[in-house]
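Here is how the chains run, residue by residue.
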Amino acid sequence: IIFSHDFERANNDAVTNNWLELEKDSNDVALYQQQLRLRDNRTEEPSAAAIQAVSLETYVDIQLSFDWRATSSTEPSDTLFVGWQLQDDSFSSLWNTALGGSSFESLSLDITHEDIPTNYTALAIWIEVGSANETVYIDNFLLSGELATELPDGENETTEPSAQVPEPSSLALLLAS
């Protein structure tokens with residue numbers, strides 16, 4: 001697991017857990033009913049965004065998954081995006097979908113290094129909506145991958161976490177004598 005968040009906290013205007021919030025009002029990106037809420041619209045795009053600075057250079061087999069739903073007030077012209085915040089503070093989309101509806105859907109994306117812009121600073125989830133109170137909820141956010149090591153010939157090899165060998169206890173050492 002590179003990063004995960006299940007948003008299991010009481011309603012709060014601050015998402016925390018190192019999420020940066022881009023919003024018109026202080027509660028447009030918030031925790032609401034134990035989910036991440038993105039709502040409202042700003043004159044600039046994106047309308048609302050949750051941004052997580054995470055480094056992916058040392059990972060392979062990267063996968064992003066989360067559950068999402070839009071409120072019935074959203075329209076097919078409103079859009080949910082997943083992608084990157086770039087060094088110039090613009091956004092680059094990796095995936096997007098039209099909104100309109102109210103049932104939860106699950107997203108699972110495989111991310112390759114070719115999908116990641118060289119000038120990215122953070123992973124972002126954002127909406128572009130046409131009016132206030134058009135809302136998307138996100139839950140069960142999981143970003144995972146395998147650590148990669150560079151081999152002498154330039155190929156990557158995934159590494160498994162090494163099992164820790166417990167130290168023998170002093171009582172066991174005394175009994176063994």
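The structure presented is a predicted model; accordingly, all values stated were derived computationally and were not measured.

**Comments concerning the nonpolar core**
Across soluble globular proteins, you tend to see nonpolar side chains buried next to one another. In terms of nonpolar packing, the biggest core is built from 38 residues, with F141 and L143 touching the most fellow members. Of all the secondary structure elements, the ones that give two or more residues to this core are β3 (29–32), β4 (35–39), β5 (48–52), β6 (59–70), β7 (79–86), β9 (105–111), β10 (120–128) and β11 (135–150). With 6 residues, β6 is the single largest residue contributor to this core. Those residues in contact with F141, other than ones at most four positions away along the chain, are F3, S4, H5, F7, W19, L64, S65, F66, L123 and I125. Counting residues in hydrophobic clusters, the runner-up holds 6 residues, among them A49, I51, F81 and A122.

**Thoughts on the pattern of salt bridges**
Using the criterion set out here, one finds 2 salt bridges in the structure. Between D28 and R39 there is a salt bridge whose closest N-O contact spans 3.4 Å. Of this pair, D28 sits in the loop between β2 (19–22) and β3 while R39 is found in strand β4, placing the two residues 11 residues apart along the sequence. For the pair shown, D28 and R39 are each scored as buried. The salt bridge partner of E44 is R42, with a shortest N-O separation of 3.3 Å.

What counts and how
Residues numbered from 1 in each chain as written. Predicted model: local features only at pLDDT ≥ 70, side-chain atom pairs only at ≥ 80, totals over all residues. Heavy atoms only, no water. Core = buried A, V, L, I, M, F, W, Y, C linked by side-chain atoms within 4.5 Å. Buried < 20%, exposed > 50% of the residue type's maximum accessible area, 1.4 Å probe, protein only. Helix = DSSP H or I, 4+ residues; strand = E, 2+ residues; numbered from the N terminus. Contact = heavy atoms within 4.5 Å. Salt bridge = Lys/Arg side-chain N within 4 Å of Asp/Glu carboxyl O.

Coordinates in, geometry out; function isn't part of it.
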